[in-house]
Amino acid sequence: EVRKAVSTLRPEIDMIELSRMIEVLDGVRNPLLSNAALETDIALSLDIHDGFEAVLETRSGSRKRKKMRQMANRMKERGGWAIRKATERDDILKILACFYKLKSKRLAESGVRDVFGDAGVQAFFNDAFTRSAAAQDGQFELHVLEVDGTHVAIAGCCVRQGKLTVEFGGISDEDASLSPGDFLF
């Protein structure tokens, strides 16, 4: 059924790769996984049931905290820093617009097609993040690292069944030496 729908709606598509799918969602088994092996990429998804500090402790926590302190000191020298989660519609849209701009520049410099430049993709993310914030359901979260009031790293995340998955992220090229993506997560 999926194959027919895709070939009817988008005949130019030859293949679809479905990865990082959840096996069971809200008690319903994912029918697309019936004959497929589950794939786990620990770099993209973390179990946060016991809190973020517990994650750090299991993943070389002392070394990471030292690195975080060093990065924080460098950002403090540049005017201070803040990490926050966007919760208001206008703020979400402003941060997403910044993300699209940052990502477009980086992808263009790399010679890679900008999938985030598509108006439909932007509308989808704008809608998903603003709806989730309005519903206060926490399914989609937009995190931003600001240095001296400027957005230097942005991450869009999905939270389901106690797992946080980073769906997309972007950093400011001008601030790349600060390792803002590492600092944000």
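Above this note sits the structure.
Keep in mind that this is a model prediction, so the values were computed, not measured.

A.B. asks: Got a minute to help me understand the side chain of Glu 146 in this structure?
C.D. replies: Relative to the elements of secondary structure, Glu 146 occurs in strand β5 (residues 140-147). A distance of 3.0 Å separates the side chain of Glu 146 from the side chain of Arg 84, its partner in a polar contact. The contacts of Glu 146, once residues within four sequence positions are left out, are Gly 80, Trp 81, Ala 82, Arg 84 and His 151.

A.B. asks: Looking at this model, I keep getting lost on helix α5 (residues 119-135). Mind explaining?
C.D. replies: For an α-helix, 3.6 residues make a turn, and residues three or four places apart therefore share a direction. The end-to-end C-alpha distance of α5, which contains 17 residues, comes to 24 Å, matching closely the 24 Å that a straight helix rising 1.5 Å per residue would cover. Within the span of α5, buried status applies to Phe 125, Ala 128, Phe 129, Thr 130 and Ser 132. Turning to α5, the residues buried within the fold contact α4 (89-110), β5, β6 (150-160) and β7 (163-171). Structurally, the start of α5 carries an N-cap: the backbone nitrogen of Gly 120 is 2.8 Å from a side-chain oxygen of Asp 118. Gln 136 sits one or two positions beyond α5 and adopts a positive phi of about 55°.

A.B. asks: For this particular structure, what's the right way to read unusual backbone geometry?
C.D. replies: Glycine aside, residues mostly have negative phi angles, and peptide bonds mostly take the trans form. Of note, Gln 136 is a non-glycine position whose phi angle comes to about 55°, a positive value. Along the chain, Gln 136 falls in the loop between α5 and β5. Using a relative accessible area of 72% as the deciding quantity, one classes Gln 136 as exposed. Even without being glycine, Asp 148 reaches a positive phi, approximately 55°. Residue position: Asp 148 is located in the loop between β5 and β6. A residue is classified by how much of its surface remains accessible, and Asp 148, at 53% relative accessible area, is exposed.

A.B. asks: Can you help me understand the nonpolar core in this one?
C.D. replies: Across soluble globular proteins, you tend to see nonpolar side chains buried next to one another. Ranked by size, the top nonpolar core spans 15 residues in total, and within it Leu 96, Phe 129, Leu 142, Ile 154 and Phe 168 carry the most contacts. Within the residue set of this core, elements represented by two or more residues are α4, α5 and β5. Here this core gets 7 residues from one element, more than from any other, and that element is α4. Filtering out sequence-adjacent residues up to four positions away, Phe 129 remains in contact with Ile 92, Leu 96, Phe 140, Glu 141, Leu 142, Gly 156, Cys 157 and Phe 168.

Conventions adopted
Residues numbered from 1 in each chain as written. Predicted model: local features only at pLDDT ≥ 70, side-chain atom pairs only at ≥ 80, totals over all residues. Heavy atoms only, no water. Helix = DSSP H or I, 4+ residues; strand = E, 2+ residues; numbered from the N terminus. Polar contact = N/O pair within 3.5 Å; in protein donor to acceptor, adjacent residues only side chain to side chain. Contact = heavy atoms within 4.5 Å. Expected span 1.5 Å × (residues − 1). Buried < 20%, exposed > 50% of the residue type's maximum accessible area, 1.4 Å probe, protein only. Core = buried A, V, L, I, M, F, W, Y, C linked by side-chain atoms within 4.5 Å.

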